[in-house]
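Spelled out from the first residue to the last, the chains are:
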Amino acid sequence: MSAYPLPDGRQITGALSVQFGRQLPNGTWAEHPRAKYECLTCRTTEGPVVGAAAVKAFVPTIRANHKTNCQPSSSHQGAQAA
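First, a word on what this report is: a plain description of the structure on this page. Predicted model, so just to flag it, every value in this text is computed and none were measured. (Residues numbered from 1 in each chain as written. Predicted model: local features only at pLDDT ≥ 70, side-chain atom pairs only at ≥ 80, totals over all residues. Heavy atoms only, no water.)

Observations concerning the overall build of the protein chain
Now for step 1: Secondary structure summary: the protein chain contains two helices and seven strands in total.
Now for step 2: Across the protein chain, helices and strands are ordered from the amino to the carboxyl terminus as β-β-β-β-β-β-β-α-α.
Now for step 3: A burial count over the protein chain gives 16% of its 82 residues as buried.
Now for step 4: When the accessible surface of the protein chain is totalled, it reaches about 6,100 Å², and 54% of it is carbon and sulfur. (Helix = DSSP H or I, 4+ residues; strand = E, 2+ residues; numbered from the N terminus. Buried < 20%, exposed > 50% of the residue type's maximum accessible area, 1.4 Å probe, protein only. Areas by Shrake-Rupley, 256 points an atom, 1.4 Å probe, with all protein chains shown as cover.)

Structure (structure tokens):
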């Protein structure tokens, strides 16, 4: 499977997950923000990136950046749970 089909004919080709983290009142991070992108076409993961600045740079560009390196997988297995 190269993508997850939707009823209207579109397909889900990847998933971007973002954890916003948790900042303490004094400004330090108790849990740092992080993000990763999982491609259903080539079955690879980009990231995770960690830190507010890294996540801010990663999120708006990852989909376009990944497309330039994406090589479709020959595997026809469905999505796998972690």
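Brief notes about the pattern of salt bridges
Now for step 1: On inspection of all chains with the given rule, the structure shows three salt bridges.
Now for step 2: Taking the shortest distance from any N to any O, the salt bridge between Asp8 and Arg10 comes out at 2.8 Å.
Now for step 3: Looking at Arg10, the relative accessible area reads 55%, which means it is exposed.
Now for step 4: In this structure, Glu38 engages Lys36 in a salt bridge whose closest nitrogen and oxygen atoms are separated by 3.9 Å. (Salt bridge = Lys/Arg side-chain N within 4 Å of Asp/Glu carboxyl O.)

Things to note about unusual backbone geometry
Now for step 1: The step from Gly47 to Pro48 runs through a cis peptide bond, and the omega angle for that step is 10 degrees.
Now for step 2: Within the fold, Pro48 resides in strand β7 (residues 45–50).

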